[in-house]
Amino acid sequence: MSDDDKKAALRVAALDYHRNPRPGKLEIRATKPLANGRDLSRAYSPGVAEACLEIKADPDTARDYTTRGNLVGVVTNGSAVLGLGNIGGLASKPVMEGKAVLFKKFANIDCFDIELNEPDPEKLADIVCALEPTFGAINLEDIKAPDCFIVEKLCRERMNIPVFHDDQHGTAIVVGAAATNALRVAGKRFEDIKIVSTGGGAAGIACLNMLLKLGVRRENVWLCDIEGLVHEGREADMTPQKAEYAQPGGPRSLGDVIDGADLFLGLSGPGVLKPEMVQRMADAPIIFALANPTPEIDPEEARAVAPRALIATGRSDFPNQVNNVLCFPFIFRGALDAGATVINDEMKIACVEGIAELARKTTSAEAAAAYQGEQLTFGPDYLIPKPFDPRLMGVVATAVAKAAMESGVAERPIEDLTAYKRKLDGSVFRSAMIMRPVFEAAATQPRRIVFTEGEDERVLRAAHAMLEETTDRPILIGRPEVIELRAERAGLQLRAGTDFETVNPENDARYRDYWQTYHAIMERRGVTPDLAKAIMRTNTTAIGAIMVQRDEADSMICGTFGQYLWHLNYISQVLGSKELHPVGALSLMILEDGPLFVGDTHVNPQPTPQQIADSVVASARHVRRFGVEPKIALCSHSQFGNFDCDTGIRMRAALEILDSRPRDFCYEGEMHADAALDGELRARIFPNSRMEGAANTLIFANTDAASGVRNILKMKASGLEVGPILMGMGNKAHIVTSSITARGLLNVSAIAGTPVAHYG
């Protein structure tokens, strides 16, 4: 796929993402029932008056009776949208909706995006200040400099809620964290370094201000822009903020002042920093080339002349991505929860220190479960955490809340910060976040994934997405002319031989090798040469299994049509062994309040106690692949021995097998599903349970129950299924269901593409 084709495909996909199935990225949902007249009388007239009167008597109770305490307004006039410039309020709305989505996904903060047609900074500030009754905090976004400084200053002076211009301070905080750790690696100190910066806009000035707060001396900062060095007496393109960094002397260029610089801070444009300039910097130079999409210097060019350089960019395809999402959701989370009236310097520095410290902790493999297969070791290529590190919420928000309390701006101090952090840590695994660790792990080592139903449009879309989002290589089993026709019809830029490999059941040079391999495996199980030949012409599941068995693919995905156990039969025939055999099928259900794993949904219709125990052990290993610590409930019609039914007897026997040796995960049973999911109910029924809180994995005594729960969660609880994950086969095969979507296939491909050392 050419670069132009990729850009065109990305444009179509992006527009489709925003348009379907409903326009935009946000909706408003009711959080209270409105099912009858009684609900109506409480939600609106006359009951709503009681809440209004309480707030009138004590404004602080607005947090108790409304959403204000968890509601942020993202406000812009669209005058400086990243990469797009002054496009105005209306055109900026997709960006602001996206920001609102990030608030919700990363920190569970509700958000309204507000786009205003107001270029005058003072009038813009008036409008923002008038919004104070609605919001618990304001995030200013994409407002051009120097107007952004004026708007933020006026709002901070007049409002009693946090006002935070993320383009300035979010970038500055992440830069501060990256610089803190880069200096630690380089063995240098803030107070000793020389900084040369390009770009005097809002983000650049805020970054320099943050570095001063961290110990940099103002006289050691050399700020350059399109007019050259900011120096005393310069009049062209000057602002009061730039003037703070004016150096004595006359005009000079970037090349004139780069000598001996310890840190280059680029927030300008592509190609500004030349390799010969890098050569003249100090030993082990720190280079933050943050221009997007093209940095001030390509990291490889910089390392070619300075092998010890410590480099960060704004891009996700290089190490050390400076991304505001490391900061803004969590600083607002901590500020809102502590009832902060402002986001002050102490809170920003706490955020810097929290992010920096988190990166340094990775040598203990604390995040290994979330990023399996990747070495997250503090050093030149790991100065700041990954954006989807699930620990960010607890570490950063707690540090911010603590700083708010210690600096005296918290109106609702948190009594127990340890309990607060535990609560945050337990809330981070939601929807898209749950899959990101798997994608990150899959990216560490390219794998060959064969889709046995390669002509299916969902498979084609998943293969296209794989090329964009992963390093894995798809292999499609199907007729090439059909694949080409359906890809073209779907508007997908996919080229056989370049983007993917094709296996044509009707005419493939490997056909003889395949049927002979299959016959050799199956000749003592009633398969004749003629039958082996016929199967290798017609049965794509068997073909995919043979490819994996012959090491021509690393994993296979099948099941977009047909019955699960039919596919499982051929996988077991070809790939099964004493070490590898199907243990169970585990479905991850992504629900609004977090993930829930359900098993065994497909493999063992009526499992024996040993099969149940094996499924529990395998489930624990697979649950950890998603960064979740397993809490497994053995579910049955009996509850802690109160009923001698078949499911209860088998679950008790499975529990005895599990208890026969030490386990490194939490499990309990037998119990009803409601007791598994409600810790308080379980404590009343069985006070001495070894499990606390809600279980995150439910193992049932038959596939009817497991599959029924899975389908109810899908249809009635808006659960998004990932899987089923076929356990016991060493990640060599996965069988999906006919209801799977293209995105679901992509998720399963990421699971199949994860080079994990051990599987259930």
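Note that the coordinates shown come from a computational prediction; the quantities given were computed from them, not determined experimentally.

**Digging into the overall build of the chain**
So, step 1. Helix and strand content of the chain: 31 helices and 21 strands.
So, step 2. Its C-alpha atoms give the chain a radius of gyration of 29 Å, near enough to 27 Å, the size a compact globule of 760 residues would have.
So, step 3. C-alpha extents for the chain along the principal axes are approximately 95 × 70 × 50 Å.
So, step 4. Here the chain holds 760 residues, and the buried ones make up 55% of them.
So, step 5. In the chain, 71% of the contacts between residues at least 6 apart in sequence involve partners at least 24 apart.
So, step 6. Total accessible area computed for the chain in this model is approximately 33100 Å², and 52% of it derives from carbon and sulfur atoms.
So, step 7. For the chain, the distance from the average site of its 83 positive side-chain charges to the average site of its 100 negative ones is 3 Å.

**Considering the packing of aromatic side chains**
So, step 1. All told, the structure shown has eight aromatic pairs when counted by the stated rule.
So, step 2. Measuring from ring centre to ring centre gives 5.0 Å for F103 and F328, while their planes differ by 65°; the resulting arrangement is edge-to-face. Here F103, found in helix α6 (residues 93-107), pairs with F328, found in helix α15 (residues 328-338); they are 225 residues apart in sequence, far enough to count as distant. The same class applies to F103 as to F328, namely buried.
So, step 3. The interplanar angle of 55° and the centroid separation of 5.6 Å between the aromatic rings of F665 and Y667 together place this pair among those described as tilted.
So, step 4. Directly above the ring of F328 sits K99, whose terminal nitrogen or CZ lies 4.2 Å from the centroid.

**Comments concerning the nonpolar core**
So, step 1. Grouped together as the largest cluster of nonpolar side chains are 105 residues, with contacts concentrated most on F288 and I355.
So, step 2. For F288, the contacting residues outside a window of four places in its chain are V175, A178, A179, A182, F264, L265, G266 and A312.
So, step 3. V438, L476, I590 and V628 belong to the second-largest nonpolar core, a separate cluster that totals 39 residues.

**Comments concerning the UniProt feature "active site" (unreviewed entry) in the chain**
So, step 1. In the numbering adopted here, UniProt assigns the feature "active site" (unreviewed entry) to K99.
So, step 2. Structurally, the position occupied by K99 is in helix α6.
So, step 3. Relative accessible area serves as the criterion here: at 6%, K99 is assigned to the buried category.
So, step 4. Residues contacting K99, with those up to four places away along its chain left out, are V74, N139, E141, D166 and F328.

**As for the packing of helix α17 (residues 392-406) against helix α18 (residues 417-425)**
So, step 1. Packing of α17 against α18 leaves a shortest axis separation of 8 Å and a crossing angle of 145°. Crossing handedness for the pair α17 and α18: right-handed. For the pair α17 and α18, the contacting residues are M393, G394, V395, A397, T398, A401, K402 and M405 in the first and L417, Y420, K421, L424 and D425 in the second.
So, step 2. Its residues placed into classes, the contact of α17 with α18 shows eight nonpolar, two polar and three charged.

**Regarding the UniProt feature "binding site: NADP(+)" (unreviewed entry) in the chain**
So, step 1. As annotated by UniProt and renumbered to match this structure, "binding site: NADP(+)" (unreviewed entry) occupies V81, L82, G83, L84, G85, N86, I87 and G88.
So, step 2. Here N86 is to be found in the loop between β1 (71-76) and α5 (88-91).
So, step 3. Accessibility expressed as a relative area gives 57% for N86, which makes it exposed.
So, step 4. Note on I87: relative accessible area 28%, which makes it partly exposed.
So, step 5. Those residues in contact with I87, other than ones at most four positions away along the chain, are G78, V81 and S92.

**Thoughts on the pattern of salt bridges**
So, step 1. In this structure the tally under the stated criterion is 42 salt bridges.
So, step 2. With a closest N to O distance of 3.1 Å, D554 and R448 form a salt bridge. With D554 in the loop between α24 (540-549) and β14 (555-558) and R448 in strand β11 (residues 448-451), this pair connects stretches of sequence that are 106 residues apart.
So, step 3. By relative accessible area, which is 29% here, R448 ends up partly exposed.
So, step 4. One salt-bridge network, held together by shared partners, links E501, D508, R510, D513, R550 and E552.

**Section: a nonpolar patch on the surface**
So, step 1. A surface patch of nonpolar side chains, amounting to about 420 Å² of accessible area, comprises L34, L40, Y44 and V48.
So, step 2. In this fold, Y44 is placed in the loop between α2 (37-43) and α3 (48-57).

**Some points on the confidence of the model for the chain**
In low-pLDDT segments, the atomic positions of the prediction should not be examined closely.
So, step 1. Per-residue pLDDT for the chain averages 89, and the proportion of residues at 70 or more is 96%.
So, step 2. Summarising per-element confidence for the chain, the mean pLDDT is lowest in helix α19 (residues 431-442) (66) and highest in helix α7 (residues 121-130) (97).
So, step 3. In this model, residues 362-375 is a region of pLDDT below 50 whose contacts with residues beyond four sequence positions or in other chains number 38 contacts.
So, step 4. Long-range and interchain partners of residues 756-760, a stretch whose pLDDT sits below 50, account for 14 contacts in this model, where long-range means more than four residues apart.

**Some details on the pairing of strand β20 (residues 720-727)**
So, step 1. Along β20, seven of the eight residues are buried, which leaves the element largely enclosed by surrounding structure.
So, step 2. Pairing of strand β15 (residues 584-591) with β20 involves six bridges; the strand directions are antiparallel. Opposite L588, over in β20, you have V722 as the bridge partner.

**Digging into the sheet that holds strand β7 (residues 228-229)**
Strands in a sheet are paired, the pairing made by backbone hydrogen bonds, and the direction either parallel or antiparallel.
So, step 1. Here we have six strands laid out as an open sheet, ordered β7-β6-β5-β8-β9-β10, and mixed in their pairing. Lying at the two open borders of the sheet, with one neighbouring strand each, are β7 and β10 (310-313).
So, step 2. Relative to β7, strand β6 (residues 221-225) runs antiparallel, the two being bridged by two bridges. Bridging from a neighbouring strand, C224 pairs with L229 of β7.
So, step 3. Sitting on the sheet, helix α9 (residues 166-186) is in contact with β8 (263-266), β9 (286-289) and β10, with an inclination near 155° to β9.
So, step 4. Contacting β5 (195-198), β6 and β8, helix α10 (residues 202-213) crosses the sheet at an angle of about 180° to β6.

**Description of α7**
So, step 1. For α7, the set of buried residues is P121, L124, A125, V128 and C129. Around the axis of α7, the buried residues are gathered within 135° of arc, so they sit on the same side.
So, step 2. Check the buried side of α7 and you find it contacts β1, β3 (137-140) and α8 (147-158).
So, step 3. Where α7 begins, the side chain of D120 points an oxygen toward the backbone nitrogen of E122, at a separation of 3.0 Å.

**Some details on the environment of V74**
So, step 1. Tracing the sequence through the fold places V74 in strand β1.
So, step 2. When its relative accessible area of 0% is taken as the criterion, V74 is described as buried.
So, step 3. Separated by 533 residues in the primary sequence, V74 and P607 place their C-alpha atoms 53 Å from one another.
So, step 4. Beyond its immediate chain neighbours, meaning those up to four positions away, V74 contacts M96, K99, F103, C111, F112, D113, I114, N139 and E141.

The rules we used
- Each chain carries its own residue numbering, running from 1 in the direction its sequence is written.
- For this predicted model, a pLDDT threshold of at least 70 governs which residues receive local features, and a threshold of 80 or more governs which side-chain atom pairs are given and counted, while totals over whole chains, interfaces and linings are taken from all residues.
- With hydrogens and water excluded, all non-hydrogen atoms of the structure serve as input to the side-chain values.
- Think of it this way: any DSSP run of H or I at least four residues long counts as a helix, any run of E at least two long counts as a strand, and we number them from the N terminus.
- We take the radius of gyration over the C-alpha atoms and set the globule estimate at 2.2 Å times the residue count to the 0.38 power.
- Any residue under 20% of the maximum accessible area for its type is buried, any over 50% is exposed, and the rest in between are partly exposed; the area is computed with a 1.4 Å probe on protein chains only.
- It only takes one pair of heavy atoms within 4.5 Å for two residues to be counted as in contact.
- With residues, only the protein chains shown are counted as cover, and all accessible areas are computed by Shrake-Rupley using a 1.4 Å probe.
- Within this scheme the basic residues Lys and Arg register as positive and the acidic residues Asp and Glu register as negative, but His and the chain ends are omitted.
- Each charge is placed at NZ for Lys, CZ for Arg, CG for Asp and CD for Glu.
- Ring pairs shown here join Phe, Tyr and Trp side chains whose ring centres sit within 6.5 Å, with only the six-membered ring taken for Trp; geometry is labelled stacked below 30 degrees between planes, edge-to-face above 60, and tilted in between.
- Note on criteria: charge over ring means Lys NZ or Arg CZ within 6 Å of the ring centre, with the direction from the centre no more than 35 degrees off the ring normal.
- The criterion is simple. A nonpolar core is a set of buried Ala, Val, Leu, Ile, Met, Phe, Trp, Tyr and Cys residues joined through side-chain atoms within 4.5 Å.
- UniProt positions are given in the numbering used here, feature names are shortened, and annotations may be inferred rather than shown by experiment.
- Axis lines are fitted to C-alpha atoms, over the contacting stretch for helices. Their N-to-C directions set the angle, which ranges from 0 to 180 degrees.
- What makes a crossing left-handed is the near helix being turned counterclockwise from the far one by less than a right angle; a clockwise turn instead makes it right-handed.
- Amino acids outside the nonpolar list (Ala, Val, Leu, Ile, Met, Phe, Trp, Tyr, Cys, Pro) and the charged list (Asp, Glu, Lys, Arg) are all regarded as polar, and Gly is one of them.
- Each reported salt bridge corresponds to a side-chain nitrogen of Lys or Arg within 4 Å of a carboxyl oxygen of Asp or Glu.
- Patch definition: residues above 30% relative accessible area lacking any salt bridge, with like charges linked at up to 9 Å and the nonpolar side chains Val, Leu, Ile, Met, Phe, Trp and Tyr linked at up to 5 Å.
- A residue's pLDDT is simply how confident the predictor is in it, with values from 0 to 100.
- Any two strands between which DSSP finds at least two bridges are classified as paired.
- Note that the arc is defined by the directions from the helix axis to the C-beta atoms.
- Side-chain atoms alone can form a polar contact between residues adjacent in sequence; in general such a contact is a pair of N or O atoms within 3.5 Å, and within protein one must be able to donate a hydrogen while the other accepts it.

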